[in-house]
Amino acid sequence: MIEGSCQVFVSDCHVRAATELINHTWDPVVLSALRLGPTRRNELLARITGASDKVLTQSLQRLRSRGLITKPVTSQPTNNGAIYRLTALGESFAHGPLAHLAQWAADNHTELTEPHSTS
């Protein structure tokens, strides 16, 4: 836990920076899909059920701009789609905090999906 540099509820807290990585619905899904290894764009679209082509494009652009994924530039065009992969930073996030968050959600799935009384 980081102490001293982040006060509770301060807007520039490290927690805010971390949560911005997952505040778009499809970004953590794309990162999780790329944990399996380098993947062609078309394969990502097929693997991520429910994501439209436009949504996937936007997510890939956001993740690239944050340095979490890369799309190697090749001199030869391919009809199979670009291959995306996690960067070292993306690997550390996808296999670390994001994987732990996913495991926590799986462990608590029942409690998270059942309605709770507010009283």
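Everything numeric in this text was worked out from a predicted model, so none of it was measured.

Each value, and the rule that gives it
- Residues numbered from 1 in each chain as written.
- Predicted model: local features only at pLDDT ≥ 70, side-chain atom pairs only at ≥ 80, totals over all residues.
- Heavy atoms only, no water.
- Salt bridge = Lys/Arg side-chain N within 4 Å of Asp/Glu carboxyl O.
- Helix = DSSP H or I, 4+ residues; strand = E, 2+ residues; numbered from the N terminus.
- Buried < 20%, exposed > 50% of the residue type's maximum accessible area, 1.4 Å probe, protein only.
- Core = buried A, V, L, I, M, F, W, Y, C linked by side-chain atoms within 4.5 Å.
- Contact = heavy atoms within 4.5 Å.
- Pairing = 2+ DSSP bridges.
- Axes fitted to C-alpha atoms, helices over the stretch in contact; angles between N-to-C directions.
- Parallel < 35°, antiparallel > 145°, perpendicular 65-115°, else oblique.
- Nonpolar A, V, L, I, M, F, W, Y, C, P; charged D, E, K, R; others polar.
- Arc of directions from axis to C-beta.

S.K.: Account for the pattern of salt bridges, with residues named and values stated.
M.R.: Enumeration over the complete set of coordinates arrives at two salt bridges. A salt bridge links Arg 62 to Asp 27; the shortest N-O distance between them is 2.9 Å. Remark: Asp 27 occurs in helix 2 (residues 27–34) and Arg 62 occurs in helix 4 (residues 53–65); sequence separation between them is 35 residues. Take Arg 62: its relative accessible area is 23%, and that puts it in the partly exposed class.

S.K.: Got a sec to walk through helix 2? Specific residues and values, please.
M.R.: Most of helix 2 is tucked away, with six of its eight residues classed as buried. What helix 2 keeps buried is the set Asp 27, Pro 28, Val 30, Leu 31, Ala 33 and Leu 34.

S.K.: Explain the nonpolar core residue by residue, including any values.
M.R.: Ranked by size, the top nonpolar core spans 18 residues in total, and within it Val 30, Leu 31, Leu 34, Leu 44, Ile 48, Leu 60 and Ile 69 carry the most contacts. In terms of residue count, the dominant contributor to this core is helix 2 (four residues). Beyond its immediate chain neighbours, meaning those up to four positions away, Leu 44 contacts Ala 33, Leu 34, Thr 39, Leu 56, Leu 60 and Tyr 84.

S.K.: Account for the pairing of strand 3 (residues 83–86), naming residues and giving values.
M.R.: Only one face of strand 3 is covered, namely the one carrying Tyr 84 and Leu 86; the face carrying Ile 83 and Arg 85 has none of its residues buried. Relative to strand 3, strand 1 (residues 39–40) runs antiparallel, the two sharing two bridges. Its bridge partner being in strand 3, Arg 40 is matched across the sheet by Ile 83. Strand direction decides the pairing type here: strand 2 (residues 69–70) and strand 3, joined by two bridges, are antiparallel. Its bridge partner being in strand 3, Thr 70 is matched across the sheet by Arg 85.

S.K.: Let's hear about the packing of helix 2 against helix 4: which residues, and what values?
M.R.: The interhelical angle for the contact between helix 2 and helix 4, taken along N-to-C directions, is 80°, at an axis separation of 9 Å. For the element pair helix 2 / helix 4, the angle class is roughly perpendicular. Residue-level contacts link Asp 27, Val 30 and Leu 31 of helix 2 to Leu 56, Ser 59, Leu 60, Arg 62 and Leu 63 of helix 4. Looking at the contact of helix 2 with helix 4 residue by residue, the class counts come to five nonpolar, one polar and two charged.

S.K.: Describe helix 5 (residues 88–95), listing the residues and the values that go with them.
M.R.: Along helix 5, the residues classified as buried are Gly 90, Phe 93 and Ala 94. Buried residues of helix 5, viewed axially, fall in a sector of 95°; they line one side. Packed against the buried residues of helix 5 are helix 2, strand 3 and helix 6 (97–107).

S.K.: Give me the packing of helix 5 against helix 6: which residues, what numbers.
M.R.: Orientation of helix 5 relative to helix 6, taken along the N-to-C sense of each, is 20°, at an axis distance of 3 Å. On the basis of the axis angle, helix 5 is roughly parallel to helix 6. Taken together, the residues of helix 6 that come into contact with helix 5 (itself represented by Ser 92, Phe 93, Ala 94 and His 95) are Pro 97, Leu 98 and Ala 99.

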